Amino acid sequence: GRSPAQVLGRWCVQHEFIYIPKSVKEERMRENMQVFDWELDDDDMAKLDALTTDEALQTYRALYDKCVLRDTPDAGKMELVRKELTLD
């Protein structure tokens with residue numbers, strides 16, 4: 001079996017999205033790297049794609065803005081925040 005993090009990581013890889021997992025635990029770091037030697041089938045990819053709704057993107061956008069404002073060296077500089085997020 002694969003962990004939810006591995007499944008999401010593999011989904012990102014198969015879509016050619018930039019995959020940058022975050023962890024401070026060595027065990028999780030090793031787990032996060034194990035997404036390149038297997039693939040999700042077309043049915044699983046379609047199911048995961050269906051989870052990417054407008055509502056989910058709005059939730060992600062709110063979290064993205066919050067993290068940029070709080071957790072980056074340029075915290076508070078909204079002009080550095082990407083203005084548009086797309087599924088392309």
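Only a predicted model underlies this, so the values are computations on that prediction, with no experimental measurement involved.

Cut-offs and rules
- Residues numbered from 1 in each chain as written.
- Predicted model: local features only at pLDDT ≥ 70, side-chain atom pairs only at ≥ 80, totals over all residues.
- Heavy atoms only, no water.
- Salt bridge = Lys/Arg side-chain N within 4 Å of Asp/Glu carboxyl O.
- Helix = DSSP H or I, 4+ residues; strand = E, 2+ residues; numbered from the N terminus.
- Buried < 20%, exposed > 50% of the residue type's maximum accessible area, 1.4 Å probe, protein only.

As for the pattern of salt bridges
Part 1 of the argument: According to the stated counting rule, one finds three salt bridges in the structure shown.
Part 2 of the argument: As a salt-bridge pair, Arg-30 and Glu-26 come within 2.5 Å of each other at their nearest N and O atoms. You can see Arg-30 and its partner Glu-26 sitting in helix 2 (residues 26–33), four residues apart, about one turn around the helix.
Part 3 of the argument: The shortest N-O distance in the salt bridge between Lys-47 and Asp-43 comes to 3.2 Å. Of this pair, Lys-47 and Asp-43 both sit in helix 3 (residues 42–50), separated by four residues, roughly a single helical turn.
Part 4 of the argument: For Asp-43, a relative accessible area of 46% corresponds to the partly exposed category.

A short note on unusual backbone geometry
Part 1 of the argument: In this model, Glu-16 sits at a positive phi of 60°, which is unusual for a non-glycine residue.
Part 2 of the argument: Note that Glu-16 resides in the loop between helix 1 (4–14) and helix 2.
Part 3 of the argument: The class of Glu-16 is exposed, set by a relative accessible area of 73%.

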